[in-house]
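Coordinate analysis (summary)
Here is what each chain is made of, one letter per residue.
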Amino acid sequence: MSRRRAADADVTPGVLLVDKPGGMTSHDVVARARRVLSVRRVGHAGTLDPMATGLLVLGVGAATRLLGHLGGADKVYEATIRLGQTTVTDDREGEVLTTTPAGHLDDAAVRAALAGQTGPLLQVPSAVSAVKVGGRRSYDRVRAGEEVVLEPRPVTVHRIDVHAVTRPAPDLVDVAVSVACTAGTYVRAIARDAGAALGVGGHLTALRRTASGPFTTAQAAPVEEAAAALAAGGGPGTLSLPDAATAVYPERRLTDDEARALGYGQRIAATGRPGLSAAIDPAGRLVALVEDAGSTARVSVGFPPA
């Protein structure tokens, strides 16, 4: 076994709840966690734009198997939308494309336009996004000078709460909002489309993810601090694999015989509970995510002992 693989095998699996600063990509955050922990097996459950701050969920070691199930959770964001300008990236980091006076807009019109961005939507992602087109990220194609048109995709915006409407300049309107939505929703697209509905254009000037599923920024820590805490056995910004799984899925306590059977890929008795359950053995270890299939329950994702 190589030294790198040996280090990966030795790391305690867990989930890091990171409060990402602005200016870093999600890959940058993963790279820092890898350096602190001296392991390669680190991944994230859903990207954040470099401009954005807030909650980024990382999995370390065997916890990377859980990431696909964590990334699909609903999200909550705090954002500032600027009306009166469009940009190439639909946020403040892109070149301004158009400027249209927005000073005539009253608060009621602004709130109505944002209300129109709630509910089930067919949303076109920003061209400068991580969506893959022909196997390449859309933002890479745009940076290479290609014209990219993305297909609309279904998302649901559960609510948009307007906290303040201010006017930083006579022709601009800033709107502070919180957005609760399904995974895959682009808050930049909400700003763009609300601005388009008002006829003045819009983009984001600030974005912060405050929650992903049951996890919040109140639990998070800077990446170096969280990674060091995991290496030391736990602390701020960390969750054990069983704690992370049972925060998302109902817990199913196993007998020794059931845990052994699942470890061999065998089925155990069904519970009648819909969806996935986190199967925990008598020692408190996460054995698998299991799901009923008729009269038995089968392994959906297994977590073999180190």
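Located above this text is the structure these notes cover.
Criteria and thresholds
- Each chain carries its own residue numbering, running from 1 in the written order of its sequence.
- Where local features are concerned, this predicted model is filtered to residues with pLDDT of at least 70; where side-chain atom pairs are given and counted, the filter is 80 or more; whole-chain, interface and lining totals use all residues.
- Hydrogens and water molecules were not included; the side-chain quantities draw on all heavy atoms of the structure.
- Here, axes are lines fitted to C-alpha atoms. For helices the fit covers the stretch in contact, and angles between N-to-C directions go from 0 to 180 degrees.
- Helix numbering and strand numbering both begin at the N terminus, where a helix is a DSSP run of H or I of at least 4 residues and a strand a DSSP run of E of at least 2.
- Relative orientations are named as follows: roughly parallel for angles under 35 degrees, roughly antiparallel for angles over 145 degrees, roughly perpendicular for angles from 65 to 115 degrees, and oblique for any other angle.
- For a crossing to be left-handed, the near helix must be turned anticlockwise from the far one by less than a right angle; the clockwise case is right-handed.
- The contact criterion used is simple: two residues touch if any of their non-hydrogen atoms lie within 4.5 Å.
- Nonpolar residues are Ala, Val, Leu, Ile, Met, Phe, Trp, Tyr, Cys and Pro. Charged residues are Asp, Glu, Lys and Arg, and all others, Gly as well, are polar.
- Counted as a polar contact is a pair of N or O atoms within 3.5 Å, where, for protein atoms, one must be capable of donating a hydrogen and the other of accepting one, and residues adjacent in sequence contribute only when both atoms are in side chains.
- Joining through side-chain atoms within 4.5 Å is the link that ties buried Ala, Val, Leu, Ile, Met, Phe, Trp, Tyr and Cys residues into a set, and such a set is a nonpolar core.
- Relative accessibility thresholds used throughout: buried, under 20% of the residue-type maximum; exposed, over 50%; partly exposed, between the two (1.4 Å probe, protein chains only).
- In this document the domain limits rely on a domain assignment from an automatic tool or a database.
- The term salt bridge refers to a side-chain nitrogen of Lys or Arg lying within 4 Å of a carboxyl oxygen of Asp or Glu.
- A helix is expected to reach a length of 1.5 Å times the quantity of its residues less one.

A word on the packing of helix 4 (residues 107-115) against helix 6 (residues 187-198)
Packing of helix 4 against helix 6 brings their axes to within 9 Å, and their N-to-C directions diverge by 125°. Taken together, the axes of helix 4 and helix 6 are oblique relative to one another. Seen along the crossing, helix 4 lies across helix 6 with a hand that is right-handed. Of helix 6, the residues touching helix 4 (which contributes A109, V110, A113 and L114) are I190, A194 and L198. Per-class residue counts for the contact of helix 4 with helix 6 are seven nonpolar, no polar and no charged.

Considerations on the side chain of R188
Mapped onto the secondary structure, R188 falls in helix 6. At 3.1 Å, the side chain of R188 forms a polar contact with the backbone oxygen of T89.

Some words on the nonpolar core
L83, L114, V175 and V177 are the most contacted members of the largest nonpolar core, which has 31 residues in total. Those elements that provide at least two residues to this core are strand 4 (75-83), helix 4, strand 10 (153-169), strand 11 (172-181), helix 6 and strand 12 (202-212). Each of domain 1 (14-73 + 214-238) and domain 2 (75-211) contributes no fewer than three residues to this core. For L114, the contacting residues outside a window of four places in its chain are I81, I160, V162, V175, V177, I190 and A194. One finds F215, L276, A278 and I280 within the second-largest nonpolar core, a separate group that totals 24 residues.

Some details on the packing of helix 2 (residues 26-37) against helix 7 (residues 223-231)
At a minimum axis separation of 9 Å, helix 2 and helix 7 run at an interaxial angle of 35°. Considering the relative orientation of helix 2 and helix 7, their crossing is right-handed. Residues V29, R32, A33, V36 and L37 of helix 2 form the contact with helix 7, whose own contacting residues are V223, E224, A227, A228, L230 and A231. For the contact of helix 2 with helix 7, the per-class residue count stands at nine nonpolar, no polar and two charged.

Description of the pattern of salt bridges
Counted by the stated rule, this structure contains twelve salt bridges. Residues D19 and R208 are paired through a salt bridge, measuring 2.8 Å at the closest nitrogen-oxygen approach. Of the two residues, D19 is situated in strand 1 (residues 14-20) and R208 in strand 12; the sequence distance between them amounts to 189 residues. Given a relative accessible area of 23%, D19 falls into the partly exposed group. The residue R82 makes a salt bridge to D174 at a minimum N-O spacing of 2.8 Å.

Examining helix 2
With twelve residues, helix 2 should cover 16 Å at 1.5 Å per step; its first-to-last C-alpha distance of 17 Å lies within 8% of that length. Every buried residue of helix 2 is accounted for by S26, V29, V30, A31, A33, R34 and L37. The inward-facing, buried residues of helix 2 abut strand 1, strand 2 (42-44), strand 3 (53-60) and helix 7. Among the residues trailing helix 2, S38 stands out with phi positive, at a value near 60°.

Some thoughts on the environment of R188
For R188, a relative accessible area of 4% translates into the label buried. For R188 and I81, which are 107 residues apart along the polypeptide, the C-alpha to C-alpha distance reads 8.5 Å.

Shape descriptors only; they carry no functional weight alone.
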